[in-house]
Amino acid sequence: MDLELTEEQRMIRDTAREFAKAEVEPKAKELDEKGRWPTEILAKMAELGLMGVGIPTEYGGAGMDAMSYALAMEEISAGCASCGVIMSVNNSLYCDPVYKFGTDAQKERWLTPYAAGKKLGCFGLTEPMSGSDAQTMGTFAERVPGGNGDKWILNGSKNWITNGPHADTVIVFAITDKPEGWSPGALNKGKVKHTAFLVDAGTKGWTREKPDEKMGIHAAHSCTLFFENVELSDENCLGGAGNGFKVAMATLDGGRIGIACQALGIARAAYEKAIDYAKERKSFGVPIASHQAIQFMLADMATELDAARLLIWRAASLKDKGQRHTSESAIAKLFASEMATRVTHKAIQIFGGYGYSKEYSLERHYRDARITEIYEGTSEIQRIVIAANALKG
Ligand code: CAA
């Protein structure tokens, strides 16, 4: 792995950093307080090529690599964690699988406008009764004879779908082949077949609930999606019938890099504020940065940030080489997300009472960090993935 960034990588990092400092961070408090969807920021991110960083230019993307995506994700998330996850879902969970598994016709229709940031995508895997045990989903698509060939009838619901309230298309994962006696929630490993479908907003039978109320990332809206007798054709089928679970898992290998970057950005923002505050704030007649207790906290925070960044860069560089990076992505996500909770916790400690106050952004960073240990696979799921890889062969 080359730790020297290329000119192109430095350029996208610097562009994203300047934009985040000038136009994202100044609005982050207001976005959080109002739970406001950041329409104007997303429009600018689209102009900067941030909504489809790794997608080739012929499909509307910026044509850059996974390292560039990781660098930009860290910067945007340091400015606003909500903007970070909206970007991550569109890039990693929507555009990536459509590029990787889509036919030419699907890419033209369902990739180009999304990678260009003109439309927004989301990813529908989780269900009210199926989260970590993703294979046990209850959403079902039945193949039935139609007027012009066979069609699919989709029924079910998906929840916690980030970008769901605003998305133009959702990738829905559904069971399409079930054994005798199957019921939702039953674990029929290997016997049940899943399929991924591209479902457009406005398709008859697709409805959405109001946005979820959450502890953090208030501006990144999520909601429950319902599908009632939604009619689809083979055109909507992504990656072939029966391959849906592998499409979902391979997609999450990339998605987990994005969430690791989000955690890193949140933690870095809290750390930088803690450094500045420690130099200014005085106690016992000296800046608190002179106290070894504070210095040790800052030293641990700096070490953990670097470690997370290096793990992310390793996973991104394997992705760029086209190598399997399931375990490396899980390691990066596990470490970065738990690190973000530790680092934002310490930053609040350094700020003391001001860290606990709503007036400053430390409590927001702490709330925003917490979700990174949960979505795109909890820390426990990352440990399952890492252990399975470690014990293999
Ligand atoms: N790439 C390709 N194929 C993979 C794969 C990968 N990374 N991981 C597994 N597979 C394949 C396996 O090879 C296996 O194939 P065969 O049947 O041909 O052997 C098949 O998939 C099933 O694999 P497992 O037996 O390992 O599956 P499992 O049921 O034990 O589940 C799991 C594994 C890792 C626990 C998985 O269920 C999982 O990741 N759960 C967490 C779900 C998750 O992360 N949800 C996030 C939702 S999205 C979100 O959160 C977005 C947001 O809000 C921002």
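Throughout, a residue's number is its position along its own chain's written sequence, starting from 1. Local features in this predicted model are restricted to residues of pLDDT 70 or higher, and side-chain atom pairs are both shown and tallied only at a pLDDT of 80 or more, whereas totals for entire chains, interfaces and linings draw on every residue. With hydrogens and water stripped out, all remaining heavy atoms of the structure feed into the side-chain values.

**Quick notes on helix α4 (residues 81-101)**
Then, in step 1: By definition, any uninterrupted DSSP run of H or I lasting at least four residues is a helix, any uninterrupted run of E lasting at least two residues is a strand, and each is numbered from the N terminus. Take the number of residues in a helix, subtract one, and multiply by 1.5 Å to get its expected span. Here α4 is 21 residues long and its end C-alpha atoms lie 29 Å apart, about the 30 Å a rise of 1.5 Å per residue gives.
Then, in step 2: One axis fitted to the seven residues ending at a residue, another fitted to the seven starting there: the angle between these axes is the bend at that residue. Cys 95 marks where α4 bends most, by close to 35 degrees; the proline Pro 97 follows one to four residues later.

**Let's talk about the nonpolar core**
Then, in step 1: One finds Met 45, Val 199, Ile 312 and Ile 350 to be the most contacted residues of the largest nonpolar core, which totals 116 residues.
Then, in step 2: Ranked by residues supplied to this core, first place goes to helix α7 (residues 244-280) with 16 residues.
Then, in step 3: Contact criterion: two residues are considered in contact whenever any of their non-hydrogen atoms come within 4.5 Å of each other. Sequence-distant contacts of Ile 350, that is, excluding residues within four places in its chain, are made with Ala 274, Tyr 277, Ala 278, Ile 288, Ile 294, Met 297, Leu 298 and Met 301.
Then, in step 4: Counting residues in hydrophobic clusters, the runner-up holds five residues, among them Leu 334, Ile 381, Val 385 and Ile 386. Among buried residues, those of type Ala, Val, Leu, Ile, Met, Phe, Trp, Tyr and Cys that are joined through side-chain atoms within 4.5 Å constitute a nonpolar core. Whether a residue is buried, partly exposed or exposed follows from its accessible area with a 1.4 Å probe, protein chains only, as a fraction of its type maximum: under 20%, in between, or over 50%, in that order.

**Description of the packing of aromatic side chains**
Two aromatic rings are characterised by how far apart their centres lie and by the angle between their planes.
Then, in step 1: A pair of aromatic rings is counted whenever rings of Phe, Tyr or Trp (Trp by its six-membered ring) have centres within 6.5 Å, and the orientation is called stacked for planes under 30 degrees apart, edge-to-face for over 60 and tilted otherwise. Using the criterion set out here, one finds eight aromatic pairs in the structure.
Then, in step 2: Seen from their ring centres, Tyr 354 and Tyr 360 are 5.6 Å apart, and the 75 degrees between their planes marks the pair as edge-to-face.
Then, in step 3: Put simply, the rings of Tyr 277, Phe 351, Tyr 354 and Tyr 360 touch in pairs and so form one group of aromatic residues.
Then, in step 4: Charge over a ring is defined by NZ of Lys or CZ of Arg lying within 6 Å of the ring centre and within 35 degrees of the ring normal. For Lys 178, the ring lying beneath its charged end belongs to Phe 140, and the centroid distance is 3.7 Å.
Then, in step 5: Above the face of the Phe 335 ring, Arg 342 is positioned so that its terminal group lies 5.7 Å from the ring centre.

**Things to note about the site of the ligand**
Then, in step 1: To be near a molecule or strand, a residue needs just one of its heavy atoms within 4 Å of it. The local shell around the ligand holds 26 residues, among which Gln 135, Lys 189, Lys 246, Arg 256 and Glu 376 are the closest.
Then, in step 2: One of the side-chain N or O atoms of Lys 246 is found 2.7 Å from an oxygen atom in the ligand.
Then, in step 3: Counted as a polar contact is a pair of N or O atoms within 3.5 Å, where, for protein atoms, one must be capable of donating a hydrogen and the other of accepting one, and residues adjacent in sequence contribute only when both atoms are in side chains. A distance of 3.0 Å is found between an oxygen atom of the ligand and a backbone nitrogen or oxygen belonging to Gly 377.
Then, in step 4: To measure how exposed things are, a 1.4 Å probe is used in the Shrake-Rupley method; for residues, cover is taken only from the protein chains shown. Calculation on the ligand without its partners gives an accessible area of 1,100 Å², and the protein chains cover 71% of this total.
Then, in step 5: Listed by contribution, the elements that provide at least two residues to the shell around the ligand are α4, β3 (149-162), α7 and α12 (379-390).
Then, in step 6: Basically, the charged four are Asp, Glu, Lys and Arg, the nonpolar ten are Ala, Val, Leu, Ile, Met, Phe, Trp, Tyr, Cys and Pro, and anything else, Gly included, counts as polar. Among the residues making up the shell around the ligand, the classes are represented as 13 nonpolar, seven polar and six charged.

**Some details on a nonpolar patch on the surface**
Then, in step 1: The grouping of Met 1, Leu 3 and Leu 310 at the surface amounts to a nonpolar patch, some 290 Å² of accessible area in total.
Then, in step 2: Here Met 1 shows up in the segment before α1 (7-34). Candidate patch residues must exceed 30% relative accessible area and have no salt bridge, after which like charges are joined if within 9 Å and Val, Leu, Ile, Met, Phe, Trp or Tyr side chains if within 5 Å. Each reported salt bridge corresponds to a side-chain nitrogen of Lys or Arg within 4 Å of a carboxyl oxygen of Asp or Glu.

**A look at the domain arrangement of the chain**
Then, in step 1: In terms of domains, the chain is made up of domain 1 (7-115), domain 2 (121-245) and domain 3 (247-391).
Then, in step 2: Boundaries of every domain are those given by an automatic assignment or by a domain database. In this structure, domain 2 and domain 3 have C-alpha centres spaced 31 Å apart.
Then, in step 3: Each partner contributes to the interface: domain 2 provides 14 residues, whereas domain 3 provides 13 residues.
Then, in step 4: Taken over both partners, the interface formed by domain 2 and domain 3 buries close to 1,100 Å², and the fraction arising from carbon and sulfur atoms is 73%.
Then, in step 5: Here the buried area means the combined drop in accessible surface, using a 1.4 Å probe, for two parts upon being joined, counting both sides. Looking only at domain 2, the three residues that lose the most surface to domain 3 are Met 215, Ile 217 and Phe 245, adding up to 47% of its buried area.
Then, in step 6: Counting every contact that joins domain 2 to domain 3 gives zero salt bridges.
Then, in step 7: The interface formed by domain 2 and domain 3 includes eight residue pairs in polar contact (both at pLDDT 80 or more).
Then, in step 8: Looking at the side of domain 2 that touches domain 3 residue by residue, the classes come out as eight nonpolar, six polar and no charged.

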